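Structural characterization, general
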Amino acid sequence: MTIDTQTFPDRDAAETACANWLGDRLEAALSRTTGRVSLLLSGGSTPTRVLPALLKRELDWARVDCVASDERVVSPDHPDSTEGMIHRLFSESGRPIVYAGLKGATEPEDALSAWRA
């Protein structure tokens, strides 16, 4: 596997390039199947800047399952909740969200059950 490295003039350009890269891959994945595809999203500040740009893409978002890769076991309204951040950004964009996450679980055992389901 070859890793393509690029230099960008500023953070905005890097975030736009990241959103375009992800969008191209989602578009390709959606074109290869009539089924569902998954988008694994991390927490932190990067998704809060990249995801809004990505959500501007005209994709079949109703077929994209979103999963937090590093969810904390906190309520979705907690500031550290990746699930809450994902829901907020999709809501702000007007895009439908299919979220296969912790479903608001706030206890480790409940979170494990949600992931297994």
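Residues numbered from 1 in each chain as written. Predicted model: local features only at pLDDT ≥ 70, side-chain atom pairs only at ≥ 80, totals over all residues. Heavy atoms only, no water.

1. Concerning the overall build of the chain
Helix and strand counts for the chain stand at four helices and three strands. Reading the chain from its N end, one meets helices and strands in the order α-β-α-β-α-β-α. Here the chain has a C-alpha radius of gyration of 15 Å; the compact-globule value for 117 residues is 13 Å, and the two agree. C-alpha extents for the chain along the principal axes are approximately 40 × 35 × 35 Å. Looking at the chain as a whole, 34% of its 117 residues are labelled buried. Summarising the internal contacts of the chain: among those between residues at least 6 apart in sequence, 71% fall at separations of at least 24. By element, 52% of the accessible surface of the chain is carried by carbon and sulfur atoms, the whole surface being about 7300 Å². Taken as two groups, the 13 positive and 18 negative side-chain charges of the chain have centres that lie 5 Å from each other. (Helix = DSSP H or I, 4+ residues; strand = E, 2+ residues; numbered from the N terminus. Rg over C-alpha atoms; globule rule 2.2 N^0.38 Å. Buried < 20%, exposed > 50% of the residue type's maximum accessible area, 1.4 Å probe, protein only. Contact = heavy atoms within 4.5 Å. Areas by Shrake-Rupley, 256 points an atom, 1.4 Å probe, with all protein chains shown as cover. Lys, Arg positive; Asp, Glu negative; His and termini not counted. Charge placed at Lys NZ, Arg CZ, Asp CG, Glu CD.)

2. Let's talk about the packing of aromatic side chains
For the structure on display, the rule yields one aromatic pair. Residues Trp61 and Phe90 carry aromatic rings whose centres are separated by 5.6 Å and whose planes lie at 85° to one another, so their mutual orientation is edge-to-face. Placement of Trp61 in the loop between α2 (45–54) and β2 (64–68) and of Phe90 in helix α3 (residues 82–93) is noted, with a sequence separation of 29 residues between them. For the pair Trp61 and Phe90, one class covers both residues: buried. (Phe/Tyr/Trp six-rings, centres within 6.5 Å; stacked < 30°, edge-to-face > 60°.)

3. Some points on the sheet that holds strand β3 (residues 98–99)
Taken together, three strands build an open sheet; the order of strands is β1-β2-β3 and the sheet is parallel. The open sheet has two free edges, formed respectively by β1 (37–41) and β3, since each of these has just one partner strand. Looking at chain direction, β1 and β2 are connected through five bridges and run parallel. The residue bridging Leu39 from the neighbouring strand is Cys66, located in β2. α3 contacts β1, β2 and β3 of the sheet and is inclined by roughly 145° relative to β2. (Pairing = 2+ DSSP bridges. Axes fitted to C-alpha atoms, helices over the stretch in contact; angles between N-to-C directions.)

4. Structural notes on the environment of Phe8
Counting through the fold element by element, Phe8 comes out in the segment before α1 (11–31). With 77 residues separating them in the primary sequence, Phe8 and Met85 have C-alpha atoms 26 Å apart. Setting aside residues up to four positions removed in sequence, Phe8 forms contacts with Ala13, Ala14 and Ala17.

5. Re the confidence of the model for the chain
Do not read the fine detail of predicted coordinates wherever pLDDT is low. A residue-level look at the chain finds 91% of positions with pLDDT of 70 or above and a mean pLDDT of 85. Least confident of the elements in the chain is helix α4 (residues 108–116), whose mean pLDDT is 72; most confident is α1, at 95. (pLDDT = per-residue confidence, 0-100.)

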